[in-house]
Amino acid sequence: MLGALGLNPEDEAVYSALAARAQAGPAELGDALHVPAPEVEAALSNLMACGLVKSTPDGAFAAAPPAIALGAMISERRAELRSAELALVTLAEEHRKAMAGRSISELIEVVTGVEAIRHRFAQVQHAARSQVRSFVTTPFVAVPPGANPVESQMVAQGVRYRVVIDRPALAEPGVVAETIESLRDGVEVRVVESLPIKLMLADAELALVPLTVTPGEEPGAVLLHRAGLLTAMDALFEIVWRHAHPLDVSALDGEGGQRAQDVEADAPTALDRKILALLLAGLTDQAVATQLDLSLRTLQRRLRHLMDLAGVQSRMQLGWYAARHDWG
């Protein structure tokens, strides 16, 4: 927990043990933690240098009050981070000016290998100050569903996320659940039939474009700095976004545990709304059934009931009725 303040696990363990006691010596702490006395003494020395521990007249040690000692360290770290943020703004502007006269080879960086792509994927998001935009399509090579913790962190910091996902990707296992979580966090998500490329844009400054993966070869991606190609990616995203189908968390976030016993309800259940939302997004019956852990027969029975409830004869009419009566 205290690693963010510069303490290693050994120092933190000794401080936590000492904070639970009025005072203690190295031997007592070593016995409690099952750690050799020399390691405890080294940790105590580090903690004293940080002002977290003080020695007592009888040769023992006592923890400084956490609210005071750790509070001071946290305040100091906040000030350091603020200074770093100000430096970042200055350096980013200097870098932008310098990049204006750079050659094409310096504006385009080729990244190879899964770990390198993951690293750049996170860096591009951290670089955003106002918004991140992305295209999500299959295959998932470097960053599979559920493997992007940076998204929720950046959204919490006020960065706007807009994501376009294509229907084949939405039908992949785990993607609907991840999409629901993203929608809950405040991410805007839209669906299209298909996407030509994967893409991630940080403001109008950076773009990460994964390259086509050839079986047996190492995956790669292109990192574009502010340049004409990035402007084209920006325009492409906005065109696709305007024509994509919006997803609504209230429609997708239903109770997946409901089953066939609810079919005779006189109004759409939460699961019904989830089924309609996925079908309207373009998923096949089989893909919807798989995502919601239903049998194909149960799914089709629920659809038949909804058509009867709406008084329509076709799925197209059902989709129109559902949209008009806010069933989705």
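Residues numbered from 1 in each chain as written. Predicted model: local features only at pLDDT ≥ 70, side-chain atom pairs only at ≥ 80, totals over all residues. Heavy atoms only, no water.

Draft legend 1. Seen up close, the sheet that holds strand β9 (residues 220-224). Taken in spatial order, the eight strands make up an open sheet running β3-β9-β8-β7-β4-β5-β6-β10, and their pairing is mixed. Because the sheet does not close on itself, it has two edges, and the strands there are β3 (108-112) and β10 (245-246). Taken together, the six bridges between strand β4 (residues 131-136) and strand β5 (residues 160-166) define a ladder with parallel strand orientation. Bridge pairing in β5 links R133 to R162. Contacts between helix α6 (residues 114-127) and the sheet are confined to β3, β4, β5, β7 (199-202), β8 (206-210) and β9, with β8 contributing the most and set at about 150 degrees to the helix. (Pairing = 2+ DSSP bridges. Helix = DSSP H or I, 4+ residues; strand = E, 2+ residues; numbered from the N terminus. Contact = heavy atoms within 4.5 Å. Axes fitted to C-alpha atoms, helices over the stretch in contact; angles between N-to-C directions.)

Draft legend 2. Representation of the pairing of β8 in the model. The buried fraction of β8 amounts to four of the five residues, a majority that puts the element mostly inside the structure. Examined bridge by bridge, β7 and β8 share three bridges and lie antiparallel to one another. Paired with L201 across the two strands is A207, which belongs to β8. Hairpin connection between β7 and β8: a loop of three residues separates the two successive antiparallel strands, and D203 in this loop has a positive phi of roughly 50 degrees. (Buried < 20%, exposed > 50% of the residue type's maximum accessible area, 1.4 Å probe, protein only.)

Draft legend 3. Looking closely at the environment of H225. The topology assignment puts H225 in the loop between β9 and α10 (228-243). When the C-alpha positions of H225 and L208 are compared, they lie 9.1 Å apart, and in sequence the two are 17 residues distant.

Draft legend 4. Spatial organisation of unusual backbone geometry. Residues T138 and P139 are joined by a peptide bond in cis, for which omega reads -5 degrees. Its location among the elements puts P139 in the loop between β4 and α7 (150-156). You will see that D203, though not glycine, has its phi angle at about 50 degrees, which is positive. A relative accessible area of 13% means that D203 is categorised as buried. The backbone of D293 shows a phi angle near 60 degrees, a positive value even though the residue is not glycine. With respect to the element layout, D293 can be found in the loop between α13 (285-291) and α14 (296-310).

Draft legend 5. Highlighting the pattern of salt bridges. Summed over all chains, the structure comprises eleven salt bridges. Its salt-bridge partner being R21, residue E28 comes within 3.3 Å of it at the nearest N-O pair. A relative accessible area of 41% means that E28 is categorised as partly exposed. With relative accessibility at 29%, the residue R21 sits in the partly exposed group. A salt bridge links R162 to E238; the nearest nitrogen and oxygen atoms lie 2.6 Å apart. (Salt bridge = Lys/Arg side-chain N within 4 Å of Asp/Glu carboxyl O.)

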